[in-house]
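Take a look at the letters that make up each chain.
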Amino acid sequence: MNILKKIRSNIPNGITCLNVLCGTIAILVSAHPGLSYMGLASWQWGALFIVLAAVADFFDGFAARMLHECHPIGADLDSLSDQVSFGVAPAVLLAFNLWGNVPLWLSFAPAILPVATTVRLAKFNNDSRQTTGFLGMPVPANAVFWIGYVAIFKHCPQAVWLKTPWVLVPALLMVSWLMVSEVPMLSLKFKSWGFKDNLARYLLISGSAALLVCLQLRGMLWVILFYVIMSLLFARRQSPSTH
């Protein structure tokens, strides 16, 4: 029985470890641009494993709440995993798909993303206000944005302007600032299922699903822009306890 109890208590942390495992694989495959496997390019595999890391990131907290298991190391383990999967992995994905097509210094510009995610995660772990909403953009949204960004210039040759310094640098700075800022952002945590209390969340989920169905990976950039807009419109009213 003790063994079963120990296994049960470590299920959430085990799922968190799947998060960092997927993030590490995403880094490894993204660092080999030009390769393909089973019909998918390396950047697509990188994007896929970042998405799988995000799924694990959602379910570790879900499992902890369902099993009523909260380990002291859980928050730290989660933050360290998120830094790999949603800070380093998207930076590597972006950098290696810029390499050789832009000035060398611009290929290194994505290095700002892990710095911003580190600050964001440290602030989050020490901020008791972020219970029903976020102050600053959560780090998985950072990863989703850059997956969409890479997907657009990979699928659309005419979108070469996304790799120019006057577009890419402001985008990097804006996303980094959003993560470390105290701009109120929506959380998908539901306290009830009522439509009135969760209007913004239902609109966000349905709108995001429509964008992903229509645009696939390219839609991820627009999902995050939609998320930011919805947060600016609704988060301040929906999450007064975060101020």
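It should be noted that the structure appears before, not after, this text.
Attention here is on the structure that accompanies the text. Just so it is clear, the model here is predicted, and its values are computed rather than measured. Along each chain, residue indices are assigned from 1 in the same order as the chain's sequence is written. Since the coordinates come from a predicted model, pLDDT governs what is reported: local features require at least 70, and pairs of side-chain atoms require 80 or more to be given and counted, while whole-chain, interface and lining totals use all residues. No hydrogens and no water enter the side-chain calculation; it runs on all heavy atoms of the structure.

So, the overall build of the protein
Heads up, the rule is: Helix and strand labels come from DSSP, where a helix needs a run of H or I of at least four residues and a strand needs a run of E of at least two; each type is numbered from the N terminus. Partly exposed residues are those whose accessible area sits between 20% and 50% of the maximum for their type, while under 20% is buried and over 50% is exposed, using a 1.4 Å probe and protein chains only. Two residues qualify as a contact provided that any one of their heavy atoms is within 4.5 Å of a heavy atom in the partner residue. Only the protein chains shown count as covering a residue, and every accessible area follows the Shrake-Rupley method with a 1.4 Å probe.
The helix and strand tally for the protein stands at ten helices and four strands. When the helices and strands of the protein are read in sequence order from the N terminus, they spell out α-α-β-β-α-α-α-α-β-α-α-β-α-α. Looking at the 243 residues of the protein, the share that counts as buried comes to 47%. Considering only contacts in the protein between residues 6 or more positions apart, those separated by 24 or more positions represent 75%. About 12800 Å² of surface is accessible on the protein, with carbon and sulfur atoms providing 73% of the total.

Regarding a nonpolar patch on the surface
Threshold: Patch membership needs two things, relative accessible area over 30% and no salt bridge, and members are linked within 9 Å if like-charged or within 5 Å if nonpolar (Val, Leu, Ile, Met, Phe, Trp, Tyr). Salt bridge, as used here, is a side-chain nitrogen of Lys or Arg placed within 4 Å of a carboxyl oxygen of Asp or Glu.
Residues Val 55, Phe 58 and Phe 59 make up a contiguous nonpolar surface patch of roughly 280 Å² in combined accessible area. Its location among the elements puts Phe 58 in helix α3 (residues 42–67).

Overview of the nonpolar core
Put simply, the test is: In plain words, nonpolar cores are sets of buried Ala, Val, Leu, Ile, Met, Phe, Trp, Tyr and Cys residues tied together by side-chain atoms within 4.5 Å.
Formed by 55 residues in total, the largest nonpolar core has its most connected members in Ile 50, Leu 94, Met 137, Trp 146, Tyr 149, Leu 168 and Tyr 227. If you list the elements that add at least two residues to this core, you get α2 (11–30), α3, α4 (74–98), α6 (112–125), α7 (139–155), α8 (165–180), α9 (199–215) and α10 (219–238). Broken down by element, the residue count for this core peaks at eleven residues, all from α7.

Re the environment of Leu 173
Its location among the elements puts Leu 173 in helix α8. Between the alpha carbons of Leu 173 and Ala 116 there is a distance of 9.4 Å; along the sequence they are 57 residues apart.

Remarks on unusual backbone geometry
Even without being a glycine, Met 38 presents a positive backbone phi close to 55 degrees. In this model, Gln 216 sits at a positive phi of 55 degrees, which is unusual for a non-glycine residue. Inspection of the secondary structure assignment puts Gln 216 in the loop between α9 and α10. Given a relative accessible area of 55%, Gln 216 falls into the exposed group.

Quick notes on the packing of α4 against α7
So the rule is basically this: Axes here mean lines fitted to C-alpha atoms, for a helix over just the part in contact, with angles spanning 0 to 180 degrees between N-to-C directions. For this classification, under 35 degrees means roughly parallel, over 145 means roughly antiparallel, 65 to 115 means roughly perpendicular, and everything else is oblique. The hand of a helix crossing depends on one turn: near helix anticlockwise from the far one by less than a right angle means left-handed, and clockwise means right-handed.
Running from N to C, α4 and α7 cross one another at 20 degrees; their axes reach a closest spacing of 9 Å. The angle between α4 and α7 falls in the class roughly parallel. Here α4 and α7 pass one another in a crossing that is left-handed. For the pair α4 and α7, the contacting residues are Asp 82, Ser 85, Phe 86, Gly 87, Pro 90, Leu 93, Leu 94, Asn 97 and Leu 98 in the first and Val 139, Pro 140, Asn 142, Ala 143, Trp 146, Ile 147, Tyr 149, Val 150, Phe 153 and Lys 154 in the second.

Thoughts on α7
The following threshold applies: Helix span is expected to be 1.5 Å times the residue number reduced by one.
Between its first and last C-alpha atoms α7 spans 25 Å; for 17 residues at 1.5 Å apiece the expected length is 24 Å, and the two agree. Counting buried positions over the 17 residues of α7 gives 13, a clear majority of the element.

Looking at the packing of aromatic side chains
Applied cut-off: Each Phe, Tyr or Trp ring, with Trp reduced to its six-membered ring, pairs with another whose centre is within 6.5 Å; inter-plane angles below 30 degrees give stacked pairs, above 60 give edge-to-face pairs, and intermediate values give tilted ones.
Per the stated rule, a full pass over the model turns up ten aromatic pairs. By the ring-pair criterion, three or more aromatic residues cluster together here, those being Phe 145, Trp 146, Tyr 149 and Phe 153.

Structural notes on the environment of Cys 22
For Cys 22, the position within the fold is in helix α2. Residue Cys 22 is classed as buried on the basis of its relative accessible area of 13%. Leaving out residues up to four positions away in the same chain, Cys 22 has contacts with Phe 49, Leu 52 and Ala 53.

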